[in-house]
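Structural overview
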Amino acid sequence: MTVDTDKTTGPGATPPGGPEAIKAIPVRHYGRYVSAVIAIAILISIIYAFGQGKINWHAVPDYFFDDRILTGVGKTLLLTVLSMLIGIVGGILLAVMRLSKNPVTSSIAWFYIWFFRGTPVLVQLIIWFNLGLVFEYINLGPIYKDYWSSFMTPLLTALLGLGLNEAAYMAEICRAGLLSVDEGQTEASHALGMSHNKTLRRIVIPQAMRVIVPPTGNEVINMLKTTSLVSVVQYPELFRYAQDIGQTSGAPVEMLFLAAAWYLIMTSVLSIGQYYVERYYARGSSRSLPATPWQKIRANVLSLSTRKGAKA
């Protein structure tokens, strides 16, 4: 009995010229095309509607670099930085208190977080601003004594309202970051003879920062936008100056668009900074870091130039 090893004939035979190339036909997603057309149509309709509105667009570039607007931008950034410093320092302190085994300090931290996260920041600002109706003086004994109206300036009101509220959110962010580090690493560090402070500085905090940095960046951006609320306590920042210019120039809506444009610029810059800070603390979590936008652009430009050179 012989076995035919010739595979050039019969079922399953291989053609003399080798196997035929598989022709892959991509699946067509008609829903994507329809949704893209609808989205473009809606965008064009919105642009057309604003183009037909009675809006003096020339007023926006005329006042874009006005001294009052630039002053408001500077005060907005200053208020954001100072409020976040208060929030971060207070959040770290509250996170440590929450994680403490002392039931008194843990309960105090829990109550603080519960209260400040449970009430709107606008309400807190107005309460701080109107405490002069309740307390005529602020009396700290031999350290300081003055009328409450003189002590509680608009800037201090804004810092207390924004900073103390932010501390409640930062406390939960810091607590989540510290708890994300496995306890076994702390035990191993102690077994190697590292002190508690050194373990926190070298082992726990660098790993916790991977969890802490992204939401903290979001909080900074959110704080920048939340500063617009302090106009109710008479603190002049970007939104307040834009409103004042709008009332005097007769272009109130245009000045609101101007303020929105400045907020977009500042939040975009902060978003870029957040990206690189997250990238810095992501070292060691993966074998290779993802390419930055600039690296991607440079790689695409080089690939295009290489292709042109090869064709030539």
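Shown above is the structure to which this text applies.
Residues numbered from 1 in each chain as written. Predicted model: local features only at pLDDT ≥ 70, side-chain atom pairs only at ≥ 80, totals over all residues. Heavy atoms only, no water.

This part is about the overall build of the chain. The number of helices and strands found in the chain is twelve helices and two strands. Starting at the N terminus and walking to the C terminus, you meet the elements of the chain as α-α-α-α-α-β-β-α-α-α-α-α-α-α. Looking at the chain residue by residue over its 312 residues, the buried ones come to 27%. Contacts in the chain between residues at least 24 apart in sequence constitute 72% of all its contacts with a sequence separation of at least 6. With an accessible surface of roughly 21,000 Å², the chain has 66% of that area assigned to carbon and sulfur atoms. (Helix = DSSP H or I, 4+ residues; strand = E, 2+ residues; numbered from the N terminus. Buried < 20%, exposed > 50% of the residue type's maximum accessible area, 1.4 Å probe, protein only. Contact = heavy atoms within 4.5 Å. Areas by Shrake-Rupley, 256 points an atom, 1.4 Å probe, with all protein chains shown as cover.)

On to the environment of Q185, then. In this structure, Q185 sits in helix α8 (residues 183-191). Taking C-alpha positions, Q185 is 8.0 Å from V204, a pair spaced 19 residues apart along the chain. Residues within four places of Q185 in sequence aside, it is in contact with I203 and Q207.

Another point: a nonpolar patch on the surface. Where nonpolar side chains cluster on the molecular surface, the patch consists of V34, I38, I42, I46, F50 and W57 and spans about 570 Å² of accessible area. Looking at the element boundaries, V34 is found in helix α1 (residues 30-52). (Patch = residues over 30% accessible without salt bridge, like charges linked within 9 Å, V, L, I, M, F, W, Y side chains within 5 Å. Salt bridge = Lys/Arg side-chain N within 4 Å of Asp/Glu carboxyl O.)

A few words now on the environment of T105. Note on placement: T105 falls in helix α4 (residues 103-118). The exposure class assigned to T105 is partly exposed, which follows from its relative accessible area of 24%. The sequence separation of T105 and L94 amounts to eleven residues, and the corresponding C-alpha distance is 8.9 Å. Residue contacts for T105: discarding those within four places in its chain leaves M97 and S100. A polar contact of 3.4 Å, which involves the side chain of T105, links it to the side chain of S100. (Polar contact = N/O pair within 3.5 Å; in protein donor to acceptor, adjacent residues only side chain to side chain.)

The tally for this structure, following the rule as stated, stands at four salt bridges. We note a salt bridge from E172 to R175, for which the minimum N-O separation is 3.0 Å. Of this pair, E172 and R175 both sit in helix α7 (residues 154-179), three residues apart, which is roughly one turn of that helix. Judged by its relative accessible area of 18%, E172 falls in the buried class. Overlapping salt bridges, with partners in common, bring together R98, E172 and R175 in one network.

Counting residues in hydrophobic clusters, the biggest one holds 19 residues, and the most contacted among them are L79, L162, M170 and V230. Put simply, the parts of the chain that give this core at least two residues each are α3 (67-99), α5 (121-129), α7 and α9 (196-226). Here this core takes six residues from α7, the largest share from any one element. Residues in contact with M170, not counting those within four places in the same chain, are M84, G87, I88, G91, T216 and E219. Core analysis: the second largest hydrophobic core is formed by 16 residues, A59, L238, W262 and M266 among them. (Core = buried A, V, L, I, M, F, W, Y, C linked by side-chain atoms within 4.5 Å.)

What follows is about α9. Given 3.6 residues to a turn, an α-helix orients residues that are three or four positions apart in the same direction. With 31 residues, α9 extends just 37 Å between its outermost C-alpha atoms, more than 12% less than the 45 Å of an ideal straight helix rising 1.5 Å per residue. Maximum bend of α9: about 45°, positioned at V204, with proline P206 one to four residues after it. Where α9 begins, the side chain of S195 points an oxygen toward the backbone nitrogen of K198, at a separation of 3.3 Å. (Expected span 1.5 Å × (residues − 1). Bend = angle between axes of the 7 residues up to and from the residue.)

Per the stated rule, a full pass over the model turns up twelve aromatic pairs. Aromatic ring contacts, followed pair by pair, group W110, F111, Y112, W114, F115 and F116 into a single cluster. The positively charged end of K75 is found above the aromatic ring belonging to Y235, 5.9 Å away from the centroid. The lysine or arginine in question, K145, covers the ring of Y137, its NZ or CZ lying 5.8 Å from the ring centre. (Phe/Tyr/Trp six-rings, centres within 6.5 Å; stacked < 30°, edge-to-face > 60°. Lys NZ or Arg CZ within 6 Å of the ring centre and 35° of its normal.)

With twelve residues, helix α10 (residues 238-249) should cover 16 Å at 1.5 Å per step; its first-to-last C-alpha distance of 16 Å lies within 8% of that length. Among all positions of α10, only L238, Y241, A242, I245 and G246 are buried. The arc that holds the buried residues of α10, viewed along the axis, is 140°, so those residues lie on one side. α10 presents Q247 and T248 as exposed residues on the side facing more than 90 degrees away from its buried surface. Buried positions along α10 lie against α2 (59-63), α3 and α11 (252-281). Two or three places before F239, at the start of α10, stands the capping residue E237, its side-chain oxygen 3.0 Å from that residue's backbone nitrogen. Taken from the residues just after α10, G250 is the one with a positive phi, measuring 75°. (Arc of directions from axis to C-beta.)

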